[in-house]
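Observations on the model geometry
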Amino acid sequence: MNTDRNEIAAELRQASKHYGGKGGKGSVTALDRLDFAVRPGEVVALLGPNGAGKTTTVQLLLGLARPTAGAAFLFGRDPRDAAARMRVGAMLQVSKVPETLKVREHIELISSYYPRPLPAAEVSEIAGLGGLEGRPFGKLSGGQKQRVLFALALCGDPDLLFLDEPTTGLDVEARRGLWSAMRELVRRGRTVLLTTHHLEEADALASRIVVLDHGRAVADGTPAEIKARVSGRRIRCSTRIPVEELLRLPGVITARREGAQAELTASRPEAVVAELLRRDPDLSGLEVLGADLEEAFLALTHHPDGEERAA
């Protein structure tokens with residue numbers, strides 16, 4: 001590993017990407033003057049609705065596409081520069097590997113492309129492939145195949161790892177296993193750019209979250225900072241107060257109930273709690289919670305007009 005802590009690992013500067021033209025009539029804008037940077041040691045989760053520009057961002061940073069305007073850099077170089085590419089590993093959704101090759105053979109093949117690959121035993125250990133090295137790729141379960149693709153991204157001992165929807169289609173157990181492998185990678189000092197539709201994944205793994213919408217960054221901060229962007233707090237309790245009465249309480253934004261359980265969002269939670277207790281002395285199971293990442297994400301990217309987004 002060869003990382004200068006002051007070096008920006010990946011960067012877009014005022015990057016735009018248009019398809020079907022150069023931003024004129026009939027063109028589709030995937031990115032719109034985006035400034036974006038990943039610094040050494042970070043785990044950055046790139047979130048956004050379908051078509052927000054996540055895949056395009058990854059493609060520009062990997063040199064798989066060129067910006068229509070602006071610039072992309074890997075370790076200060078052109079992303080197509082061989083020296084920059086040697087420091088990167090990628091696990092992409094479109095990854096295809098021969099089904100008949102054994103896991104060990106896949107690792108040996110990809111490792112042969114690099115001058116200083118990570119030892120095969122270490123790759124297997126991080127990715128949790130112990131005992132699977134002699135099995136053909138086509139005979140593996142979905143979760144095991146994802147771990148192999150993760151391992152192949154590690155073979156070159158990369159400073160920066162791109163993980164594009166790495167846990168798509170996995171069950172809970174397999175997803176948690178891959179999370180553990182990612183944490184081990186971070187513990188070893190690697191930098192990660194993660195795209196995911198699983199918001200709990202971003203919340204659990206990322207040191208920083210960037211939310212894209214319509215090709216622009218609409219939020220950038222720690223998971224706690226992103227969640228703090230949503231005003232109000234959630235209040236849960238078991239109460240006999242009718243939902244119509246709950247909605248009339250000062251400071252209540254929304255209210256709903258399921259059986260005896262009620263959930264409210266409130267701009268003045270302390271005052272609302274006091275009023276709830278005054279009106280229902282038998283109230284129980286009271287919880288006051290902050291907004292979760294899903295609420296923050298929806299608030300940041302919700303478009304009532306149903307505008308179509310770029311690819």
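Residues numbered from 1 in each chain as written. Predicted model: local features only at pLDDT ≥ 70, side-chain atom pairs only at ≥ 80, totals over all residues. Heavy atoms only, no water.

**Let's talk about the sheet that holds strand 4 (residues 69-74)**
The sheet built from 3 strands is open, its strands ordered 2-1-4 with antiparallel pairing. Of all the strands in the sheet, the pair left with one neighbour each is strand 2 (28-38) and strand 4. Strand-to-strand twist across the sheet, computed as the mean angle between neighbouring axes with direction ignored, equals 25 degrees. Across 7 bridges, the pairing between strand 1 (residues 10-19) and strand 2 is antiparallel. (Pairing = 2+ DSSP bridges. Helix = DSSP H or I, 4+ residues; strand = E, 2+ residues; numbered from the N terminus. Axes fitted to C-alpha atoms, helices over the stretch in contact; angles between N-to-C directions.)

**Overview of the pattern of salt bridges**
Across all of its chains, the model carries 24 salt bridges by this definition. In this structure, the salt-bridge partner of R240 is D280, at a minimum N-O distance of 3.5 Å. Here the residue R240 occupies a position in the loop between strand 10 (233-238) and helix 9 (243-247), and D280 occupies one in the loop between helix 10 (269-279) and strand 13 (284-289), the gap between them amounting to 40 residues. In this structure R240 comes out as exposed when scored by relative accessible area, which is 58%. With its nearest N and O atoms 2.7 Å apart, the salt bridge here joins E275 to R279. Note that E275 and R279 are positioned in helix 10 at a spacing of 4 residues, about one turn of the helix. For R279, a relative accessible area of 33% gives the class partly exposed. (Salt bridge = Lys/Arg side-chain N within 4 Å of Asp/Glu carboxyl O. Buried < 20%, exposed > 50% of the residue type's maximum accessible area, 1.4 Å probe, protein only.)

**Here's the deal with the side chain of D280**
By relative accessible area, D280 is classed as buried at 1%. Among the polar contacts made by the side chain of D280, one reaches the side chain of T239 at a distance of 2.7 Å. Beyond its immediate sequence surroundings of up to four residues, D280 is in contact with S238, T239, R240 and I241. (Polar contact = N/O pair within 3.5 Å; in protein donor to acceptor, adjacent residues only side chain to side chain. Contact = heavy atoms within 4.5 Å.)

**What about the confidence of the model for the protein?**
Per-residue pLDDT for the protein averages 89, and the proportion of residues at 70 or more is 93%. Per-residue pLDDT stays below 50 along residues 304-311; that stretch engages in 18 contacts with residues further than four places along the chain or on separate chains. (pLDDT = per-residue confidence, 0-100.)

**A closer look at helix 5 (residues 142-154)**
For helix 5, which comprises 13 residues, the first-to-last C-alpha distance of 19 Å matches the rise-based estimate of 18 Å (1.5 Å per residue) to within 8%. The buried fraction of helix 5 amounts to 11 of the 13 residues, a majority that puts the element mostly inside the structure. Buried within helix 5 are the following residues: G143, Q144, Q146, R147, V148, L149, F150, A151, L152, A153 and L154. Contacts from the buried residues of helix 5 go to strand 5 (88-91), helix 3 (103-111), helix 4 (120-127), strand 6 (160-164) and helix 6 (172-187). (Expected span 1.5 Å × (residues − 1).)

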